[in-house]
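The primary structure of each chain is shown beneath.
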Amino acid sequence: MSRRSAPFVAPDYIDDPVSKDGKKQSKALLSTLQEDISSFRDEQFPPDILRQVRDMPIYEGNLAEVQAYQQRWQLLIERAMAFYPAAYLPPDHLPLPASLEIPQFIYHVQRLHLTKTRAKESKSFGSVGALTDKCGEYSADELTRMSAILDGDDEARLVAHREFIDLRAYVFCRDQKGEMIEPERIRFYRTGLIVHALPDFKIVDSRQTPRKRRNDAYNDPIADNGIWKIYRKK
């Protein structure tokens, strides 16, 4: 199974979090947390007490090593949990957002399966200006085509697709009874992945044979700047 991320919630120590001032305070506190995480990450990542897996930002160690490294991050994790209180809790066990760049810690790992998948990033827009702010420049003819679509239909939207190679790890763990449980599909490249490796820990590396991306429902872009292809949203 794959994992989304826990939803944002304004910390309970903010007065009137739905007010303009409350939202501003939440944004400022979250920005400060992200800056502190970035500074700490510069000092503490990659970890000095763990072993790197292949050429990936994945590091493995025994139980004591992984617990010791997680303890270094614990204060920042607790601060992040104030904004994302549902993180790691049942029934969904959703992680903190990757945008925080806090490493993901997973325990009792028996096997890692590393994969590459052809994928695409997708964004939708209701104005040409917002699209070009995010996706870059297009020719005059392309801008005219995009504007004509939006001007001719108040409900029309433009969708932008950017292809990329998605690196993932399928993480196989054992439960308290020692039985293998359903693997988790982890996107790890932005955060880093820290695993507590069990005896006979195994790595399966399938990155040399990327899986094919599913057939795309969108064809014949109305604009293409070499990075983002633009379509009328269906």
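Here, every reference points to the structure presented above.
Residues numbered from 1 in each chain as written. Predicted model: local features only at pLDDT ≥ 70, side-chain atom pairs only at ≥ 80, totals over all residues. Heavy atoms only, no water.

Caption draft 1: Seen up close, the packing of aromatic side chains. On inspection of all chains with the given rule, the structure shows seven aromatic pairs. Ring geometry for Phe 45 against Tyr 59: centres 5.5 Å apart, planes inclined by 85°, an arrangement best described as edge-to-face. With a gap of 14 residues between them, Phe 45 in the loop between α1 (20–44) and β1 (51–52) and Tyr 59 in strand β2 (residues 58–61) connect regions that are remote in the sequence. Residue Phe 45 is classed as buried on the basis of its relative accessible area, which comes to 14%. (Phe/Tyr/Trp six-rings, centres within 6.5 Å; stacked < 30°, edge-to-face > 60°. Helix = DSSP H or I, 4+ residues; strand = E, 2+ residues; numbered from the N terminus. Buried < 20%, exposed > 50% of the residue type's maximum accessible area, 1.4 Å probe, protein only.)

Caption draft 2: Broad picture of the pairing of strand β4 (residues 158–173). By the criterion of burial, β4 is predominantly enclosed, with 12 of the 16 residues buried. Two elements, strand β3 (residues 104–125) and β4, share 16 bridges in a ladder whose sense is antiparallel. Of the residues in β4, the one forming a bridge with Thr 115 is Arg 168. Note: β4 against strand β5 (residues 184–186), three bridges, orientation antiparallel. Bridge pairing in β5 places Ala 169 opposite Ile 186. (Pairing = 2+ DSSP bridges.)

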